[in-house]
Amino acid sequence: MKSAIVLLPGLNRDRDMIAALTSISGHKPLTVWETDTTIPDVDLIVIPGGFSYGDYLRCGAIAARMPVMRAVAEKAKKGVLVMGVCNGFQILVEAGMLPGALMRNTSLKFVCREVKLSVENADTAFTQAYRQGQVIRCPVAHHDGNYYADPETLARLEGDGQVVFRYAEGTNPNGSINDIAGIVDHSGNVLGMMPHPENLIEPAHGGSDGRPLFESVLGLAA
Amino acid sequence: MIKARITVTLKNGVLDPQGKAIEHALGALGFDGVGQVRQGKVFDVELDGADRARAEADLKAMCEKLLANTVIENYNVTLT
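Just so it is clear, the structure is predicted and the values come from calculations on it, not from any experiment.

Caption draft 1: Structural view of the overall build of chain A. Each helix and strand in chain A was counted, giving six helices and 11 strands. Computed over its C-alpha atoms, the radius of gyration of chain A comes to 16 Å, within 12% of the 17 Å expected for a compact globule of 222 residues. Overall size of chain A, expressed as C-alpha extent along the three principal axes, is 40 × 40 × 30 Å. Within chain A, buried positions represent 58% of all 222 residues. When the accessible surface of chain A is split by element, carbon and sulfur atoms take 50% of a total near 8800 Å². Seen as two clouds, the 19 positive and the 24 negative side-chain charges of chain A have centres 3 Å apart.

Shown next as structure tokens:
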């Protein structure tokens, strides 16, 4: 299973993501830069978190319009798995690869804490190593994670099982509609989520609830 | 040269927590009777040339492609 990580100026969770992918798959991901127009043959493309282009205009707006994102979209159309975490989720939404929008947290505060997530759909390439309905721990760190979609889009997401992770046990940190924390696109091979599974993969992190996500997506699920 | 002002505002029905906070702050300053406050963005853009129809079309394309997120925002283009 080969993976690539997209690097854009202002991202800062790339190191953690590379460490997670490397330690779990045994292979270091390839690096793709914002001006690259092609992406090597890989099975998984990851856009990590951070503050690409300083969050200017809207979070992820500038990054979503860089050449590399056209290449990511082409790969996604061919069925390559694409995963965006935090700013990566915002970029995928701004690029139109996932529906809806991510708005300022209703508290207007940056939140950096641990939340509970329920696995709402364990039948995706990203979640097959979890049990349906399993509640996991996961850290969040963001200012703009308040997911919004118009009523028709929301009904479609809910009806088609595209809501993959939901904040559970009253831990919604941002006012996100229907407690949505992560969604997949209609074809199921593009995932966006605000929480950071890469920061909870080994005992030294205080837990490993994020690890099954990587095992799922890297084809290592038992 | 053509000058234009673009305003980008949140669509009706989209919650605006920043607008709400401003609304409360105005109330706290003693401004009575302040209804809803919605926060938006303003872009002043200068364009080469004198073709106003083309400028307007270009500016709308800029809004659609970058300046506004049409999932949650409306835009308005005014040539000055």
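Next, the rest of the story.
Caption draft 2: Fine view of helix α2 (residues 52-67) of chain B. All names here are of chain B. With 16 residues, α2 should cover 22 Å at 1.5 Å per step; its first-to-last C-alpha distance of 19 Å lies more than 12% under that length. Among all positions of α2, only Ala 55, Leu 59, Cys 63 and Leu 67 are buried. The buried residues of α2 occupy an angular sector of 80° when the element is viewed end-on, so they sit on one face. The exposed set on the far side of α2, more than 90 degrees from its buried face, consists of Ala 53, Arg 54 and Lys 65.

Caption draft 3: Here's a closer look at the nonpolar core. Counting residues in hydrophobic clusters, the biggest one holds 71 residues, and the most contacted among them are A:Leu8, A:Met83, A:Leu117, A:Phe165 and A:Phe214. In contact with A:Leu117, other than residues within four places in its own chain, are A:Gln134, A:Val135, A:Ile136, A:Cys138, A:Phe165, A:Arg166, A:Tyr167, A:Ala168, A:Ala181, A:Met193 and A:Pro195.

Caption draft 4: The interface of chain B and chain A, seen in detail. Contact residues are listed per partner, giving 16 residues for chain B and 13 residues for chain A. For the chain B and chain A pair, buried surface summed over both sides reaches about 1200 Å², with 68% attributable to carbon and sulfur atoms. A per-residue breakdown of the area chain B buries against chain A is headed by B:Pro17, B:Leu66 and B:Val71, which together make up 36% of the total. One can count one salt bridge joining chain B with chain A. Measuring nitrogen to oxygen at the nearest pair gives 3.8 Å for the salt bridge that ties B:Glu73 to A:Arg58. In this structure, the connection of chain B to chain A is made through five residue pairs in polar contact (both at pLDDT 80 or more). Each residue belonging to the side of chain B that touches chain A can be placed in one class, and the counts come to 11 nonpolar, two polar and three charged.

Caption draft 5: Representation of the state of the cysteines. Taken as a whole, this structure holds zero disulfides over all chains when the rule is applied. With no disulfide of its own, A:Cys138 has A:Cys86 as its nearest cysteine by sulfur position, at a separation of 11 Å. Unpaired in terms of disulfides, B:Cys63 finds its nearest cysteine sulfur in A:Cys59, a separation of 19 Å.

Caption draft 6: How the structure looks around the pairing of strand β4 (residues 81-85) of chain A. Residues and elements named next belong to chain A. Counting buried positions along β4 yields five of five residues, so the element is predominantly enclosed. Side chains of β4 alternate between two faces, with Leu 81, Met 83 and Val 85 and Val 82 and Gly 84 buried alike. The sheet contact formed by strand β3 (residues 44-47) and β4 spans four bridges and is parallel. When the sheet's bridge partners are listed, Leu 44 is paired in β4 with Leu 81. Pairing of β4 with strand β11 (residues 190-193), which is carried by four bridges, proceeds in the parallel orientation. Bridging from a neighbouring strand, Met 83 pairs with Leu 191 of β11.

Caption draft 7: A look at the sheet that holds strand β3 (residues 73-79) of chain B. Residues and elements named next belong to chain B. Pairing is antiparallel in the open sheet, where three strands are placed in the order β2-β1-β3. Every interior strand has two partners, whereas the edge strands, β2 (40-47) and β3, have only one. On average, each strand axis in the sheet is tilted by 20° relative to the strand beside it, whichever way the strands run. Here seven bridges tie strand β1 (residues 2-10) to β3, and the two strands are oriented antiparallel to one another. Bridged to Ile 6 within β3 is Val 77. Sitting on the sheet, α2 is in contact with β1, β2 and β3, with an inclination near 160° to β3.

What counts and what doesn't
- Residues numbered from 1 in each chain as written.
- Chains lettered and ligands numbered in written order.
- Predicted model: local features only at pLDDT ≥ 70, side-chain atom pairs only at ≥ 80, totals over all residues.
- Heavy atoms only, no water.
- Helix = DSSP H or I, 4+ residues; strand = E, 2+ residues; numbered from the N terminus.
- Rg over C-alpha atoms; globule rule 2.2 N^0.38 Å.
- Buried < 20%, exposed > 50% of the residue type's maximum accessible area, 1.4 Å probe, protein only.
- Areas by Shrake-Rupley, 256 points an atom, 1.4 Å probe, with all protein chains shown as cover.
- Lys, Arg positive; Asp, Glu negative; His and termini not counted.
- Charge placed at Lys NZ, Arg CZ, Asp CG, Glu CD.
- Expected span 1.5 Å × (residues − 1).
- Arc of directions from axis to C-beta.
- Core = buried A, V, L, I, M, F, W, Y, C linked by side-chain atoms within 4.5 Å.
- Contact = heavy atoms within 4.5 Å.
- Buried area = accessible area lost by both parts, 1.4 Å probe.
- Salt bridge = Lys/Arg side-chain N within 4 Å of Asp/Glu carboxyl O.
- Polar contact = N/O pair within 3.5 Å; in protein donor to acceptor, adjacent residues only side chain to side chain.
- Nonpolar A, V, L, I, M, F, W, Y, C, P; charged D, E, K, R; others polar.
- Disulfide = S-S within 2.5 Å.
- Pairing = 2+ DSSP bridges.
- Axes fitted to C-alpha atoms, helices over the stretch in contact; angles between N-to-C directions.

Purely spatial values, then, with no claim about function.
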